[in-house]
Amino acid sequence: MGPDVPLLNDYKQEFFLKRFPQTLLGGPRFKLGYCAPPYIYVNQIILFLTPWLWGGVGTLLYQLGVMQDLCTAALSGGLMFVTALALQMTNLYAKQKTVTVERMQIQSTLTDEDEFEFSSCVGSETVKFIIPGKKYIINTVLHSLLAGVLCGLGTWYLLPNRITLLYSNIGGTVVIFVFGWVTICIGEYSLIINTATETATFQALDTYEITALMRPFYIFVFIAVDLACRFAVNAPILEQTNQILHILFLFLPFLWAMGILPPLDALFLWGMEQLLEFGLGGSPMSSNTKLLVMFLISAGTAIASYFIPSPLGVILFMTGFGFILSLNLSEIGFAFKHTMISHLASSKAKNAHRGLRLQFGWREFIFYVTVLAFALTEAGLLHQFAGSSSSSQGRPQAIASYILILLLVMMWILREIQRVYLFGVFRNPFYPKDVRTVAVFMEKQRRLMKVGVVRRILLTLVSPFAMIAFLSLDRSLQNLHSVSVSIGFTRMFRMVWQNTENALLDMVVVSAAQIKGNMQFLFGFFSCPGLSLPGSHYLCRFQDRLMWILVLEKGFTYCGVNIKGLELQETSCHAAEAHRVDEIFEMAFEQQEHTRILSPNPHFGHILTPCTVVPVRLYSDARNVLSGIIDSHENLKHLKDDFVKVLVWMLVQYCYKKSKTWESPGSANRSKQESFPENQHSGAVKGCRALREEDSFSVDTVEDWTDDGDIFDFEPSSRTRDRKDAGHLGLTPKVHLSIPGSIETQSQDFLQELSPEDKLNRTVVLGLPAVDKGKQPEVLPRVEFSCSYSELLSIPEEWRTAPVPSSKVSEMRQRFPEEWYHFVLSQLDFFHLQEKPSSLLTELMEDEALKELYILGVLSCCFGLFGLDNAVPAPRHVFRAYTGGIPWSAGLDWLTGKPELFQLALKAFRYTFKLMLDKASLGPVETFRELVNYLEGYESDWYIGLVSDLEWQQAVLQEKPYLFSLGHDPSMGIYTGRVLTLQELLVQVGKLNAEAVRGQWANLSWELLYATNDDEERYSIQAHPALLRNLTVQAAEPPLGYPVYSSQLLQLPLF
């Protein structure tokens, strides 16, 4: 869909036309989507005008001289309080009359109005429709009390005599009186009758009924100014303000309806953040808790500085606290807590915190203490010996002013040199052209990196100390006990470290004004448009991925950001805007060398302005179609032979690693029994069974018959577990049960152990063909090795118990790669053995018993994955074997009963598949040495598995150089390979216009929370090449936006 998509569809337009009049009038529902009796509208009109009625009674008594203004206000307020309380009691009575128990639902702005059926003018349905009531009893009393106070003060605010004194115009008095009472009626109705849905919505759910207080709050603000004007003496500015606000009071309903005035929860948080940033010199915080704590500490610092009697004490206090509050206090506190836990807690607590990466250590601590000491020393000495000297007459501060101007010019030049566009308009001639590879970029960027280092030193160390010198020399500090000086200097001493660039710009402007006109130095709420980083948005492009970076907070040598990953699904709107982003970055960073100098930016005025290219170590994502490889008969023919070789190498390496934990060959048997726990990898087997259950042709669908998914259980294990304690189960011998439907061959001893109730409750499962298992499993004879050290490489006995016919064993002996087996053994060193014969490897190769064990182990794995058939596996079977979703078979059931062996076999098969791809693309493997190199590379540098595996995520976190996964597209019937390669690549970074982003997010909030536009092809997600509307909407915070990933606060060091 294109730009012709309407803002609201037809259904939502009708819904909006019903909701907006309700919002404008404060809650009355005069436009319904169904027919309602006339008394519904009459009752709402009467309730809407009730405050005006009681206020009119008081006003009339005052105008007739019967009562004074205070008594009039008290009378009107009291009548309104009684009325409001009576209305709320009526609602409670109506609810109790209709139902005994009724659950109060939280009002949601996302739901449409329900239809009601009315029986009478004062029926319970009518009362509940007009007066929904309050959720909490305390709000019933509190809102009723506020309604009375609002009506009383509103009557006092709109007394005609008072309005006439302000304007001396009868016509103006009438207009203000009439429309002013309309405003009060709107606020009263929203407070006590029915709260309207506000267009400025901060939260979808009004859990604590705060929305009802929004309109009365703004009315109280206007009345408060009038009260201050009444009791103030000789305050012409306050009187003029009161006159303006009386006129603005008439337009409050339109300000509410247009969403210009924010809700209370957003207002207080926003106001606190603005005071912290512009009044106290701080930075916006990433969370409400941090904002509140930092605001209280900063305000306490400003108040404390007012009561310090000594100018030198004020300087040192402001310098020290300004530096400390600009640091990353949350990270410092976390580091201190971690240090205390490491020293006092147990080793278990130490291990629990070992994986946390701390950015604050002793190096940072020493650096911060050194900077603080130098700052305090500089401020104290300059103020004591230069600032308080009467003979200097401001000359030292003038010198500091020129230094600040020079620093600002240097900082500005160095910053522009590092950008791809000068002022966002002209191509920077110093910026590298045709940036496509890391090597070329780093070669051309070397000089600009030096410029960046110089600028960072000037910004972090030189500029703050120069500004502290300028502030310490100011003569305004001699005038103590001034609110403006305390707040202003607290702000600037904080900004020196918190936001150095803005502070430098502010000081240069003020110092220039001082030099020119000797204006009074006051930084209280002075702010010039600077280079504020908090609130900035950046868009990063890499291959087909987009990242959105939002700067949340910034301080001295640190920056807090949030990173979001945008959607991976290539929709038409997403693709259109991504193509425009690629075009903008390509024209900025991939220009040819012959391009003229200072060429204009062809996309000037776009929301995105390219900034730079950053070399980042990350994963490149390559996807290939495997048609012609996985379905090649020749490749599949060699797959089994390669699998045998890889499995031999895997088993030898596995046993060799286990042998390093054995002290002597005689302890091999005991150690092997302890090192192969039966349930060590049960999770992997469960995952395999879960994959097999997805196949409709798998016999394992029988697993649904029992509680824990094992068709060979004599009865559901959960029942057995309930009836027998752990000790009894531990002594019960393992019983090999027949397949359901076959002749019962259980031992009599086992049957006798069951209680009569257990025998009665035994589950009989039918449906599978009968299998005669015959006799009980035989105990394997002890293997006699010709070499005493063969025990070190012997595989466990339970890995050699596969029910394989003897003919297949003979066949495997012929297929077994003996030369490869000898070569693998020859690569072992056994350095961990203190005493070993020189001919150890030769004796191991000549040991036929050891070779026979590996033949049986390899045959068991082949039997589990491929069965007894020697046919070439089909591509579908290869894919299912790779994913572990092979249909059930006797061999697979035996293999999954050995979790550790199953994991080795699955890993070997995946290595074999990757080897097949490498041989098809890079050529055949000529020597055994080359094959070992392949396998060792897979083991050390690769993770070969599935994207859905937990190990895949761990491999990414461990920064494995390569990751491979096999996929299947059932719609197209093709198999795909995905390779992630960790390397240093170029990421293109652009800055987004912050106002455009916030404007689109505000529109999105209105569209989803107020207009409830839930259309999948709604207006806000349509592509807009200039505003990047689709991408901007994706990056909004859920539930408004839908990024595929959103990080927590990330603390980035800047020095």
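Definitions and cut-offs
Residues numbered from 1 in each chain as written. Predicted model: local features only at pLDDT ≥ 70, side-chain atom pairs only at ≥ 80, totals over all residues. Heavy atoms only, no water. Helix = DSSP H or I, 4+ residues; strand = E, 2+ residues; numbered from the N terminus. Buried < 20%, exposed > 50% of the residue type's maximum accessible area, 1.4 Å probe, protein only. Contact = heavy atoms within 4.5 Å. Areas by Shrake-Rupley, 256 points an atom, 1.4 Å probe, with all protein chains shown as cover. pLDDT = per-residue confidence, 0-100. Phe/Tyr/Trp six-rings, centres within 6.5 Å; stacked < 30°, edge-to-face > 60°. Lys NZ or Arg CZ within 6 Å of the ring centre and 35° of its normal. Pairing = 2+ DSSP bridges. Right-handed = clockwise from strand over helix to strand, strands pointing away. Core = buried A, V, L, I, M, F, W, Y, C linked by side-chain atoms within 4.5 Å. Salt bridge = Lys/Arg side-chain N within 4 Å of Asp/Glu carboxyl O. Arc of directions from axis to C-beta. 1 Å grid on protein atoms, 1.4 Å probe; cavity = no way out; pocket = protein on both sides within 12 Å on 5 of 7 lines; lining within 4 Å. Points joined across faces, edges and corners; volume = space filled by probe spheres on them. Patch = residues over 30% accessible without salt bridge, like charges linked within 9 Å, V, L, I, M, F, W, Y side chains within 5 Å. Lys, Arg positive; Asp, Glu negative; His and termini not counted.

**Student:** Please explain the overall build of the chain as it appears in this structure.
**Tutor:** For the chain, the helix and strand inventory stands at 39 helices and eleven strands. The buried share of the chain, reckoned over its 1055 residues, is 47%. Across the chain, contacts joining residues at least 24 apart in sequence account for 75% of those joining residues at least 6 apart. Just so you have it, the chain exposes about 53100 Å², and 61% of that area is on carbon and sulfur atoms.

**Student:** Help me understand the confidence of the model for the chain in this model?
**Tutor:** In regions of low pLDDT, the predicted coordinates are not meant to be interpreted in detail. Looking at the chain, the pLDDT average stands at 79 and 81% of residues meet or exceed 70. Scored below 50 in pLDDT, residues 100–112 shows 30 contacts in the model against residues more than four places distant or in partner chains. This stretch, residues 346–357, has a pLDDT under 50; its non-local contacts, to residues over four places away or in other chains, come to six contacts.

**Student:** Would you mind going over the packing of aromatic side chains with me for this structure?
**Tutor:** Counted according to the given criterion, the structure contains 43 aromatic pairs. Taking the centre distance of 5.0 Å and the plane angle of 80 degrees together, the rings of phenylalanine 323 and tryptophan 497 count as edge-to-face. Residue phenylalanine 323 is found in helix α13 (residues 311–325), and its partner tryptophan 497 is found in helix α19 (residues 483–498); the two are separated by 174 residues along the sequence. For the pair phenylalanine 323 and tryptophan 497, one class covers both residues: buried. Ring pairs connect the aromatic residues Phe323, Phe367, Tyr368, Phe465, Trp497 and Phe556, which therefore count as one cluster. Here lysine 12 stacks its cationic end above the ring of phenylalanine 15, 5.1 Å away from the centre of that ring.

**Student:** Is there a simple way to think about the pairing of strand β8 (residues 962–969) in this case?
**Tutor:** Within a regular strand, the side chains alternate between the two sheet faces. Here four bridges tie strand β7 (residues 942–945) to β8, and the two strands are oriented parallel to one another. Bridge pairing in β8 links isoleucine 944 to phenylalanine 964. Between the parallel pair β7 and β8, the chain is carried across by helix α37 (residues 950–957), and the sense of this crossover is right-handed. Both β8 and strand β9 (residues 974–992) contribute to a ladder of eight bridges, which runs antiparallel. If you follow histidine 968 over to β9, its bridge partner there is tyrosine 975.

**Student:** What is the right way to read the environment of proline 817 from this model?
**Tutor:** Locating proline 817 in the fold gives a position in the loop between α29 (806–815) and α30 (818–826). Among the residues examined, proline 817 registers a relative accessible area of 14% and is labelled buried. Residues proline 817 and isoleucine 855, spaced 38 residues apart in sequence, show a C-alpha to C-alpha distance of 9.6 Å. Every residue in contact with proline 817, bar those within four places of it in the chain, is listed here: Val644 and Lys645.

**Student:** Teacher, can you tell me more about the nonpolar core here?
**Tutor:** Within soluble globular proteins, side chains that are nonpolar generally end up buried alongside one another. Counting residues in each nonpolar core, the largest one holds 81 residues, and the members touching the most others are Leu793, Tyr854 and Phe913. Per-element tally for this core: the top contributor is helix α22 (residues 633–659), with 14 residues. Apart from residues lying up to four places away in sequence, tyrosine 854 is in contact with Leu651, Val652, Cys655, Leu793, Ile795, Phe816 and Tyr821. Listed in part, the 44 residues of the second largest apolar core include Leu32, Leu158, Leu245 and Leu250.

**Student:** How should the pattern of salt bridges be read in this particular structure?
**Tutor:** A side chain with one charge may pair with a side chain of the opposite charge, provided their charged atoms come close. Counting across every chain of the model gives 27 salt bridges. Between aspartate 582 and arginine 541 there is a salt bridge, and its shortest N-O distance comes to 2.7 Å. Separated by 41 residues along the polypeptide, aspartate 582 in helix α21 (residues 572–589) and arginine 541 in strand β3 (residues 537–542) bring together distant segments of the chain. The class of aspartate 582 is partly exposed, set by a relative accessible area of 27%. Of the residues examined, arginine 541 reaches a relative accessible area of 7% and is grouped as buried. Between glutamate 848 and lysine 851 there is a salt bridge, with its nearest N and O atoms 3.2 Å apart. One end of the pair is glutamate 848 and the other is lysine 851, both in helix α32 (residues 848–866) and three residues apart, which spans about a single turn. Under the relative-accessibility criterion, glutamate 848 is labelled partly exposed at 47%. Classification of lysine 851 by relative accessible area gives buried; the value is 12%.

**Student:** Mind showing me how you'd approach helix α6 (residues 160–167) here?
**Tutor:** One full turn of an α-helix is made of 3.6 residues, so residues set three or four places apart face in the same direction. Every buried residue of α6 is accounted for by Pro160, Arg162, Ile163 and Leu166. Around the axis of α6, the buried residues are gathered within 160 degrees of arc, so they sit on the same side. As for α6, its buried residues are in contact with α2 (38–63), α5 (137–157), α7 (170–193), α8 (214–231) and α9 (236–249). Directly beyond the C-terminal end of α6, a positive phi value near 55 degrees is found at serine 168.

**Student:** Help me out: how do you make sense of empty space enclosed by the protein in this one?
**Tutor:** If a probe the size of a water molecule is rolled over the atoms, the empty space left behind becomes visible. For the structure shown, the criterion picks out eight cavities of 30 Å³ or more. A volume near 150 Å³ is recorded for the largest cavity. Every residue lining the largest cavity is counted, 13 residues in all, and those nearest its centre are Arg815, Leu859, Cys862, Gly867 and Asn870. Counting only elements with at least two residues in the lining of the largest cavity, the list comes to α29 and α32. As a volume, the second largest cavity reaches approximately 120 Å³. Forming the boundary of the second largest cavity are Arg456, Leu459, Thr460, Pro464, Trp497, Thr500, Glu501, Lys554, Gly555, Phe556, Thr557 and Leu1054.

**Student:** Explain a nonpolar patch on the surface to me, please; I cannot follow it from the model alone.
**Tutor:** Taken together, the side chains of Ile247, Leu248, Phe251 and Phe254 define a hydrophobic patch exposed on the protein surface, amounting to about 380 Å² of accessible area. For phenylalanine 251, the position within the fold is in the loop between α9 and α10 (252–257).

**Student:** Help me understand the side chain of lysine 134 in this model?
**Tutor:** By secondary structure assignment, the location of lysine 134 is in the loop between α4 (124–130) and α5. Buried charge lysine 134 goes without a salt bridge, the closest partner of opposite sign being glutamate 209 at 5.6 Å.

**Student:** Even after reading the chapter, I still don't get unusual backbone geometry, so can you show me in this structure?
**Tutor:** With an omega dihedral of 10 degrees, the bond running from proline 1038 to proline 1039 counts as a cis peptide bond. Structurally, the position occupied by proline 1039 is in the loop between α39 (1029–1034) and β10 (1045–1046). A positive phi is found at leucine 1028, a non-glycine position, where the angle reads about 50 degrees. Structurally, leucine 1028 can be placed in the loop between α38 (994–1010) and α39.

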